[in-house]
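# Structure at a glance
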Amino acid sequence: MNSPRIAFLDVDGTLIDSGEVIAPSTIEAVRTARKNGHLVYLSTGRASVEIYPAIREIGFDGTISAGGGFAEVGDELVIARTMPEAAVARMVSFYQESGFDFYLQSLDQLYPSPGVRARFATYLADDLERRGETRTELLSVTDRNEHAALKAFANVRPLSYTGIAKSVFLAADPTAYDRVAEALSSDFHVITGTIPHMGTGSGEVTYSGVNKGSTILLLLEHLGIQAESAIGIGDSTNDLEMLQVCGVGVAMGNATDEVKMHADEVTTAVLDDGVWNAFRRHGLI
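The following paragraphs examine the structure supplied in this document. (Residues numbered from 1 in each chain as written. Predicted model: local features only at pLDDT ≥ 70, side-chain atom pairs only at ≥ 80, totals over all residues. Heavy atoms only, no water.)

Across all of its chains, the model carries six aromatic pairs by this definition. Ring centres 6.1 Å apart and planes at 40° place the aromatic pair Tyr95 and Phe169 in the tilted group. Placement of Tyr95 in helix α3 (residues 85–98) and of Phe169 in strand β10 (residues 166–170) is noted, with a sequence separation of 74 residues between them. Just as Tyr95 is buried, Phe169 falls in that class too. With a centroid separation of 5.7 Å and 85° between ring planes, the pair formed by Phe188 and Tyr207 is classed as edge-to-face. With a gap of 19 residues between them, Phe188 in strand β11 (residues 188–192) and Tyr207 in strand β12 (residues 202–207) connect regions that are remote in the sequence. Using a relative accessible area of 4% as the deciding quantity, one classes Phe188 as buried. Classification of Tyr207 by relative accessible area gives partly exposed; the value is 27%. Three or more aromatic residues link up through ring pairs in this structure, and these residues are Tyr95, Phe102 and Phe169. (Phe/Tyr/Trp six-rings, centres within 6.5 Å; stacked < 30°, edge-to-face > 60°. Helix = DSSP H or I, 4+ residues; strand = E, 2+ residues; numbered from the N terminus. Buried < 20%, exposed > 50% of the residue type's maximum accessible area, 1.4 Å probe, protein only.)

Next up, the structure:
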């Protein structure tokens, strides 16, 4: 067997597709790699509470969540990179004044504005209609009776300004990203293009310097592993720094052109054995 490696896998568009189904080969790849002595971590923009049981049951060595806001080794939280309360208040005030829907992510809670559930319901219905297929031969990671996000976003509660690592903004306004970037980029890391077909009407905001890549470097230092041993696999804007800091950055076949340009190589698409082929190429399986 080759020397042990550590792999970081994005979730949406890498582990699962936009319909939140997963290729059986991906599950086999993760489990086989770990059996062979390699480490496999999730690295996602989702909050920990948004990582469904069907994903966790695949089996991972740990998780980077909220776009780099948190890192866990097993079930132990080892890194927390949250925003100052004043920064959260400033960000929320801007969203509210602009009329944007948004939600805040802590380690184990989501704090949605009142319009988020309806916006996600429309988004999910549009996505289902766009695909025009059920793909029942593949494994769904959610309860199809009611999407897990809709359950979470139905719980509108008073906002917390403590322990917040990331926000997601959602708007019908295609200039939303430009407006958020102009207002917040001096103190925050603002990106767009992470929610399929919502384009510049949506985006993610973390505190300045917080992203998947910078948190991976902190985690590797904690684990005593060199970055050259790391493989990062992703498809979207919030994966760019991850692909850049890992020894090998792999873009999915369904990745954006920008992500492919920043990757060392491109594998096949999410439902075309993309993770399996990348792991096989680098000797993890």
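This brings us to the pairing of β12. When you tally the buried positions in β12, you get five out of six residues, the bulk of the element. As judged from the five bridges shared by β10 and β12, these two strands associate in the antiparallel manner. Each bridged residue has a counterpart across the sheet, and for Lys166 the counterpart in β12 is Thr206. (Pairing = 2+ DSSP bridges.)

Right, let's talk about the sheet that holds strand β3 (residues 39–43) for a bit. Read across the sheet, eight strands follow the order β6-β5-β4-β3-β1-β13-β14-β15 without closing on themselves; strand pairing throughout is mixed. The open sheet has two free edges, formed respectively by β6 (76–80) and β15 (265–266), since each of these has just one partner strand. Pairing of strand β13 (residues 230–234) with strand β14 (residues 248–251), which is carried by four bridges, proceeds in the parallel orientation. Its bridge partner being in β14, Ile231 is matched across the sheet by Val248. On top of the sheet, helix α10 (residues 274–281) reaches β1 (6–9), β3, β13, β14 and β15; it is set at about 160° to β1, its chief contact. (Contact = heavy atoms within 4.5 Å. Axes fitted to C-alpha atoms, helices over the stretch in contact; angles between N-to-C directions.)

In this section: the pattern of salt bridges. Here the idea is simple: oppositely charged side chains can pair when their charged atoms come close. Summed over all chains, the structure comprises ten salt bridges. We note a salt bridge from Asp173 to Arg179, for which the minimum N-O separation is 2.9 Å. Members of the salt-bridge network, linked through shared partners, are Asp10, Lys212 and Asp239. (Salt bridge = Lys/Arg side-chain N within 4 Å of Asp/Glu carboxyl O.)

Ranked by size, the top nonpolar core spans 28 residues in total, and within it Leu9, Leu15, Ile55, Phe60, Ile233 and Phe279 carry the most contacts. Secondary-structure elements contributing two or more residues to this core are β1, α1 (24–35), β3, β13, β14 and α10. Excluding residues within four positions of it along the chain, Ile233 makes contact with Phe8, Leu9, Asp10, Thr14, Met242, Leu243, Val250, Met252, Ala278 and Phe279. Core analysis: the second largest hydrophobic core is formed by 21 residues, Met83, Val88, Tyr95 and Phe169 among them. (Core = buried A, V, L, I, M, F, W, Y, C linked by side-chain atoms within 4.5 Å.)

With that settled, the discussion passes to the sheet that holds β10. Read from one edge of the open sheet, five strands run β8-β7-β10-β12-β11, paired in antiparallel fashion. The outermost strands of the open sheet, each flanked by one partner alone, are β8 (110–112) and β11. Between one strand axis and the next, the sheet turns by 20° as a mean value, whatever way the strands run. For β11 and β12, the ladder comprises five bridges, and the chain directions are antiparallel. Counted as the bridge partner of Ile191 is Glu204 from β12. Against the sheet, α3 touches β7 (101–105), β10, β11 and β12, its axis set at about 160° to β7. Those strands touched by helix α6 (residues 176–184) are β10, β11 and β12, and its axis lies near 170° from that of β11.

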